[in-house]
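# Coordinate analysis (summary)
Next come the chains, spelled out residue by residue.
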Amino acid sequence: MKEIGKIWMNGKLVPFKDAKVHVLTHALHYSTSIFEGIRCYNTPNGSAVFRLSEHIDRFFKSSKLYSMKMPYSKKEISKAILKTVKTSGLKECYIRPIAYYGYGTMGLTPTGNKVDVSIACWEWAMGESKAGKFSGAKCKVSSWIKIDSRSQPMQAKAAANYSNAALARVEALENGYDEAIMLNLNGKVAEGSAENIFIVKDDIIQTPPLSAGGLEGITRDSVIQIIEENGGFVIERDLERDDLYGADEIFMTGTAAEVKSVTQIDKVKIGNAKMGKITKALQKSFKDVAMGKDERFLSWLTFI
Ligand SMILES: Cc1ncc(COP(=O)(O)O)c(C=O)c1O
């Protein structure tokens, strides 16, 4: 991690290396935090944050689902994000706002602690897409079942959801794969460990409904809107493991991953084991939108 710029902590910009928390911070012990992942792109017209208002809305939705009282307004957080990016001098970066129960009292009950908010940004060009951007990721269907909303609110982007995802990711990596795919308690495809998933079969693009347990991804929504605006459509339906193995193309979407191709699931090659033509075209359309080259979606960009 390159320590560039400053980190916004409860209203103050502090040097990157000094942005520290106490070891008895509640969230460190009990996962009592919610966060966002946002990207800023270096467009030909200047740096622009992608879908800022949607990310802010999800940040506040996450805090609401955890009954966490956010000590700042949406407007204040938006302004703080733009200020943090501007101060960093980075033209392109990944942005991580986080709200967490801080240091004060220990024990399970979080509410005796202050809710602290930080915003950091850093260079993360490849994000979560290393294996899927240029060739294709090899994915393992995880032996870990995706937790669901009967246990905790899955539409919150909460740290607590990510121990399940991290177990799946580590299992995949330890078995020689790049990424995990998680099935829900009914055996249907939910999502990747940090991405939504789409399959293409006979030129029909399909993705699991949110009721299958995936996060309501902002990139998922962007890709669906881009496809529809271009005259296509996406079918939302429950996907079986067989649908993965039998797909012509598979791709994943996420802020960190953008649009990444999947060319192998378990030991099964997908299509001709190369990035598919629809995936490739979507990668390009998505990048054009993020870079402000598609006028139809300019409202998705907030220039710094
Ligand atoms: C579990 C999970 N699913 C899906 C996504 C994709 O969401 P988005 O496109 O909003 O980044 C993410 C990334 O934030 C994620 O962590």
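See the structure shown above.
All values derive from a computational prediction rather than experimental measurement. (Residues numbered from 1 in each chain as written. Predicted model: local features only at pLDDT ≥ 70, side-chain atom pairs only at ≥ 80, totals over all residues. Heavy atoms only, no water.)

Here the focus is the site of the ligand. Neighbouring residues of the ligand: 15 residues in total, closest K157, Y162, E191, T219 and T255. Relative to its unbound accessible area of 380 Å², the ligand is 95% covered by the protein chains. The cavity that encloses the ligand is the largest pocket. Contributions of two or more residues to the shell around the ligand are made by helix 5 (218–229) and strand 14 (249–254). Looking at the shell around the ligand, its residues break down into four nonpolar, seven polar and four charged. (Near = heavy atom within 4 Å. Areas by Shrake-Rupley, 256 points an atom, 1.4 Å probe, with all protein chains shown as cover. 1 Å grid on protein atoms, 1.4 Å probe; cavity = no way out; pocket = protein on both sides within 12 Å on 5 of 7 lines; lining within 4 Å. Sits in = over half its atoms within 2 Å of the grid points. Helix = DSSP H or I, 4+ residues; strand = E, 2+ residues; numbered from the N terminus. Nonpolar A, V, L, I, M, F, W, Y, C, P; charged D, E, K, R; others polar.)

Note that side chains of opposite charge can pair when their charged atoms are close. What the rule picks out here adds up to 25 salt bridges. In this structure, the salt-bridge partner of E179 is K260, at a minimum N-O distance of 3.9 Å. Highlighted residues: E179 in strand 9 (residues 179–183) and K260 in strand 15 (residues 258–265), separated in sequence by 81 residues. Across the pair, K260 and E179 agree in class, each one buried. The partner of K284 in a salt bridge is D288, with the nearest N and O atoms 2.8 Å apart. Highlighted residues: K284 and D288, both in helix 7 (residues 277–290), separated by four residues, approximately one helical turn. Under the relative-accessibility criterion, K284 is labelled exposed at 53%. (Salt bridge = Lys/Arg side-chain N within 4 Å of Asp/Glu carboxyl O. Buried < 20%, exposed > 50% of the residue type's maximum accessible area, 1.4 Å probe, protein only.)

A separate point is empty space enclosed by the protein. This structure, assessed with the given rule, holds one cavity of 30 Å³ or more. Reported here for the largest cavity is a volume of approximately 50 Å³. Taken together, A190, E191, N196, I197, T207, P208, P209, L210, G214 and R220 make up the lining of the largest cavity. Mapped onto the lining of the largest cavity, the elements with two or more residues apiece are strand 10 (189–192) and strand 11 (196–201). Class assignment of the residues belonging to the lining of the largest cavity gives a composition of five nonpolar, three polar and two charged. (Points joined across faces, edges and corners; volume = space filled by probe spheres on them.)

The phi dihedral of R51 falls on the positive side, at around 50°, and the residue is not glycine. Mapped onto the secondary structure, R51 falls in the loop between strand 5 (46–50) and helix 2 (52–65). Although it is not a glycine, A273 adopts a positive phi angle of roughly 65°. Topologically, A273 is positioned in the loop between strand 16 (268–269) and helix 7. Under the relative-accessibility criterion, A273 is labelled partly exposed at 31%.

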